[in-house]
Amino acid sequence: MLALMLSLNSLALADNAPRVVLKTSLGEIELQLDAEKAPITVKNFLAYVDAGFYNGLIFHRVIENFMIQGGGFDAEMTQKATQSPIKNESDNGLSNRRGTIAMARTRAPDSATAQFFINTVNNFNLDGASNRPGYAVFGEVISGMDVVDRIRAVSTTTRNRMADVPVEPIVIESAERIIAE
């Protein structure tokens, strides 16, 4: 009976806090997602992960004392087609602090699709406020901040009119969900 209860608790934890490993050309980053506070965003991100969408894409925007952004472009800076945008969940109580993952978007609040960023410093100015939406945090790095820090320190350039692109592509070799045992 106790084993069954522990197993059910593990399933509930897996549903509310799924984990994803990003295997990059500079090492692995393990993420724990918060499906309780950001259910739409987590469902969206996991759909892209499960479809293999991120495999072979790059971190295309790196600003050392801000964030590293990926999930949209390949090494030739060709943008990959995405699904429809999702509702912004920046009012979920999670904050853009160092080590959190959030959705990238345009100026339109409900425009996030596949691109994400990992905060390399506390970016509380990206949090939503009563008078404006922010950038929706939906998880955090639980292993591999040393990899994030290596990525944030790479040399960048301008390519195809885009600034802050790493000189040497930082490839997301694979993004895989970790299945609870």
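Residues numbered from 1 in each chain as written. Predicted model: local features only at pLDDT ≥ 70, side-chain atom pairs only at ≥ 80, totals over all residues. Heavy atoms only, no water.

Asks: I'd like to hear about the overall build of the chain, residue by residue, with values.
Replies: Assigned secondary structure in the chain consists of 3 helices and 10 strands. Counting helices and strands in the order they occur from the N terminus, the chain gives α-β-β-α-β-β-β-β-β-α-β-β-β. The C-alpha atoms of the chain give a radius of gyration of 16 Å, which matches the 16 Å a tight globule of 181 residues would have. Dimensions of the chain along its principal axes, counting C-alpha atoms only, are 60 × 40 × 30 Å. Looking at the chain as a whole, 43% of its 181 residues qualify as buried. Across the chain, contacts joining residues at least 24 apart in sequence account for 68% of those joining residues at least 6 apart. When the accessible surface of the chain is summed, it comes to about 9400 Å², and 51% of that surface belongs to carbon and sulfur atoms. Charge centroids of the chain, computed over 17 positive and 21 negative side chains, lie 6 Å from each other. (Helix = DSSP H or I, 4+ residues; strand = E, 2+ residues; numbered from the N terminus. Rg over C-alpha atoms; globule rule 2.2 N^0.38 Å. Buried < 20%, exposed > 50% of the residue type's maximum accessible area, 1.4 Å probe, protein only. Contact = heavy atoms within 4.5 Å. Areas by Shrake-Rupley, 256 points an atom, 1.4 Å probe, with all protein chains shown as cover. Lys, Arg positive; Asp, Glu negative; His and termini not counted. Charge placed at Lys NZ, Arg CZ, Asp CG, Glu CD.)

Asks: Would you mind going over the side chain of serine 174 in detail, with residue names and values included?
Replies: Among the secondary structure elements, serine 174 is positioned in strand β10 (residues 171-178). Ignoring anything within four residues of it in the chain, the contact list for serine 174 reads Val21, Leu22, Lys23 and Asn55.

Asks: I'd like a description of the confidence of the model for the chain, backed by residues and values.
Replies: Residues at a pLDDT of 70 or more form 91% of the chain, whose mean pLDDT is 92. In this model, residues 1-13 is a region of pLDDT below 50 whose contacts with residues beyond four sequence positions or in other chains number 1 contact. (pLDDT = per-residue confidence, 0-100.)

Asks: So what's going on with the sheet that holds strand β5 (residues 100-103)? Residues and values would help.
Replies: Overall, antiparallel pairing links the 8 strands, which are arranged β1-β2-β7-β5-β6-β4-β3-β10 in a closed barrel. Looking at each pair of strands side by side, their axes are set apart by 35 degrees on average, direction ignored. Bridge analysis of β5 against strand β6 (residues 116-119) gives 3 bridges, and the strand direction is antiparallel. Within β6, the position partnered with alanine 102 by the bridge is phenylalanine 117. Contacting β1 (19-24), β2 (27-33), β5, β6, β7 (137-143) and β10, helix α2 (residues 39-50) runs over the sheet at an angle of about 115 degrees to β10. (Pairing = 2+ DSSP bridges. Axes fitted to C-alpha atoms, helices over the stretch in contact; angles between N-to-C directions.)

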